[in-house]
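# Breakdown of the fold
Below are the chains, spelled out letter by letter.
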Amino acid sequence: MTKQLLKGNVAFAEAAVRNGLQAYFGYPITPQSEALEHLSGRMIEEGRVFLQAESEVAAINMVYGAACTGVRAMTSTSGPGLALMAEGLSYIAGSEVPVVVVNMMRGGPGLGNIQPSQADYNFMTKSAGHGDFHPLVLAPASIQEIIDMIGLAFELAEKYRTLVIIAGDGSIGQMMESAELPPMQPVRDTVPDWAVSGAKGRDPNVITSLYLGAEKLEALNLRLQAKLAEIKRNEVRSVEVATEDADLLLVAYGTAGRICVSVLREARKQGLKVGLFRPQTLWPYPEERLSELAEQVKGILVVEMSAGQMLEDVQRFVQGRVPIHFHGRMGGVIPMVDEILADVEALAKE
Amino acid sequence: MTLTRTEIPEGMELVYSYPDSLTKVSSHYCPGCVHGIVHRLVAEVLDELGVRENTIGVAPVGCSVLIYNYINTDFVGAAHGRAPAMATAIKRIYPDKVVFTYQGDGDIAAIGTAEIIHAANRGEPITTIAINNAIYGMTGGQMAPTTLPGMVTTSTPTGRNCEVAGYPVKLSEILAQTAGAVYITRQSATDIVGIRKTKRAIKRAFLAQIHGLGFACVEVLATCPTNWNIGPWEAMQWAKEHLGGFYPVETFKMTDEVKALKA
């Protein structure tokens, strides 16, 4: 395969097709609409299911219905749409069906704007719907990474029968860069034994999140928590740059993490020992590795395109062992290398 | 004494039996509620069409949330009002399977209005059974979108004042306006004749799906003695007179292809 110039939204959509996506339901919302547009053609060409729903509420419930049949199903959206999907996300979690959702975050709250943002961190990692559950949240920092994460997302969703959210942002969705798509994989031709397909020669399968009786619902919750614990043990992912000798550790994910690579390069030119820790899974958070790094660095600078949502997790895992500083921009403002570098330089003088 | 099918004496004919599509458990429904009757009608139709093993039902939120305990097919449980969205996806993945939703008036005509209108308008070849008893049963008798003007509920204690609470929604009349609907009818399960006609309508609605004709919905006028605070018999009479008086029992849309089906 060769590399080609790809826009983020088109790249992840085509990667999904090539990973055997069987059903896509979505509703247009900037900055991810190109994904829906791309799939409107490609899914039909491949003889698969594509439907533009009447709302994000309908879209996620269509995805939920499709997932109940055991096919690879997904949707993509942005913050305001994800908010409408919260109902379905909770039902999906409670019913234990595999679903992949891509959220290209934009500025909020409210209608906000369509510029890149990371202000849905808490929403996705901690409170994607009512009840006790966490989606598995993947955070790509480049077009190649979101392509690769689509395949991973389906694998994880199906392995654990769980909800996986890919946390992109407007810049991952809108920018173009050179990347390689995976080869075309055939769609699965088998149906999981738990799926609904018509009760031919077997007892009926019922997929529901309703468990009347507190003990029964607690049993479901215990099962969900055990699954989340297993995900926590097995699926933590992160990337490090120049952490071996770092005095100051930058902690950032996605687009902010990518910007921090440039900050790190500039700082190193000045002889400042700066490293980068970039979580690729926001839930489960790579807390053990962060905790180890906290033992060896003198300070941490968290950089986010939000008011400091991941910051709270970093504080929780570092537990006051080293000072934690924060550089955040909100409302769709992308932090520039120079402004972060100024913080790094100031901290180096302390 | 119960006879098995093979034990039927020669010269006699089996005219009534327990449908295979109905599970043998006691129901949780209140005395005088017609959910049990309509469940049975659906089960009889699935049996007669021979599609039980090829059917996927979508359960609503409301009193019939546990329908999958009674209808012996694969089922998924939808969020409140979203059954048509789930059914849409399942039917598109399995065009050859029979997919139906079973919804109450609050589920279909309030919180799920968008989903049902758009499923109908797209002409999804699914079958919808809509139970209209003019009240929210499971939550304890609050106003439904179909609550009659002046009707007392726990959230309209002095009677539904339409100038404040809005007017009753005539769902079938609205669905009949959608281009994708092929069969929209309102029936009443409050007496023997009505129950027989309701069954024929349900069968026609499933046949419309099996023939791939488009969206079909059977609205069924029903009772809720518990939340109407009257007895089962009185409730049947009240439904016939008052619900039937406001919501005409008629077929609002039936295409020629649907008309030609032998139900």
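Residues numbered from 1 in each chain as written. Chains lettered and ligands numbered in written order. Predicted model: local features only at pLDDT ≥ 70, side-chain atom pairs only at ≥ 80, totals over all residues.

If you tally the helices and strands in chain B, you get 10 helices and 9 strands. Expected size for 263 residues packed as a compact globule is a radius of gyration near 18 Å; at 18 Å, chain B falls within 12% of this value. Based on the C-alpha atoms only, the size of chain B along its principal axes is roughly 60 × 45 × 30 Å. Counting all 263 residues of chain B, 53% fall into the buried class. Long-range contacts, defined as pairs at least 24 residues apart, comprise 69% of the intrachain contacts of chain B with a sequence gap of at least 6. (Helix = DSSP H or I, 4+ residues; strand = E, 2+ residues; numbered from the N terminus. Rg over C-alpha atoms; globule rule 2.2 N^0.38 Å. Buried ≥ 20, exposed ≤ 12 C-beta atoms within 10 Å, placed from the backbone. Contact = placed C-beta atoms within 7 Å.)

Next up on the list: the sheet that holds strand S14 (residues 299–304) of chain A. Residue and element names in this part refer to chain A. What the 5 strands build is an open sheet, ordered S10-S12-S11-S14-S15; its pairing is mixed. Each having just a single partner strand, strand S10 (238–241) and strand S15 (324–328) make up the two edges of the open sheet. Sheet twist, expressed as the mean angle between neighbouring strand axes with direction ignored, is 20°. Two strands pair when backbone bridges link them, and S10 and strand S12 (residues 274–279) are joined in this way by 4 bridges, in the antiparallel orientation. The partner of Val-239 across the bridge, within S12, is Arg-278. Relative to the sheet, helix H11 (residues 310–318) contacts strand S11 (248–251), S14 and S15, its axis offset from that of S14 by approximately 160°. In the packing of helix H12 (residues 337–349) onto the sheet, the strands contacted are S11, S12, S14 and S15, and the crossing angle to S14 comes to about 165°. (Pairing = 2+ DSSP bridges. Axes fitted to C-alpha atoms, helices over the stretch in contact; angles between N-to-C directions.)

Another point: the packing of helix H1 (residues 35–49) of chain B against helix H7 (residues 192–210) of chain B. Residue and element names in this part refer to chain B. Packing of H1 against H7 leaves a shortest axis separation of 9 Å and a crossing angle of 45°. One way to sum up the angle between H1 and H7 is to call them oblique. The chirality of how H1 crosses H7 is right-handed. For the pair H1 and H7, contact is made by Ile-37, Leu-41, Val-42, Glu-44, Val-45, Glu-48 and Leu-49 and by Ile-195, Thr-198, Lys-199, Ile-202, Lys-203, Phe-206 and Ile-210, respectively. Its residues placed into classes, the contact of H1 with H7 shows 9 nonpolar, 1 polar and 4 charged. (Parallel < 35°, antiparallel > 145°, perpendicular 65-115°, else oblique. Left-handed = near helix turned anticlockwise from the far one by under 90°. Nonpolar A, V, L, I, M, F, W, Y, C, P; charged D, E, K, R; others polar.)

As a further point, take the sheet that holds strand S4 (residues 73–77) of chain A. Residues and elements named next belong to chain A. Pairing is mixed across the open sheet formed by 7 strands, whose spatial order is S3-S2-S4-S5-S7-S6-S13. Because the sheet does not close on itself, it has two edges, and the strands there are strand S3 (49–52) and strand S13 (281–283). With direction set aside, neighbouring strand axes in the sheet form an average angle of 20°. Sitting on the sheet, helix H2 (residues 33–45) touches strand S2 (23–26), S3, S4 and strand S5 (99–105), and the angle it makes with S3 is about 140°.

All names here are of chain A. Here chain A is described as being made up of domain 1 (4–234) and domain 2 (238–349). Summarising the inter-unit geometry, the C-alpha centres of domain 1 and domain 2 are found 28 Å apart. The interface is formed by 28 residues belonging to domain 1 together with 22 residues belonging to domain 2. Broken down by secondary-structure element, the contributors of at least two residues to the side of domain 1 that touches domain 2 are helix H5 (121–126), strand S6 (136–138), strand S7 (163–169), helix H7 (170–174) and helix H8 (214–234). No other element matches H5, which puts 4 residues into the side of domain 1 that touches domain 2. When grouped by side-chain class, the residues that make up the side of domain 1 that touches domain 2 number 14 nonpolar, 11 polar and 3 charged. (Domains from an automatic or database assignment.)

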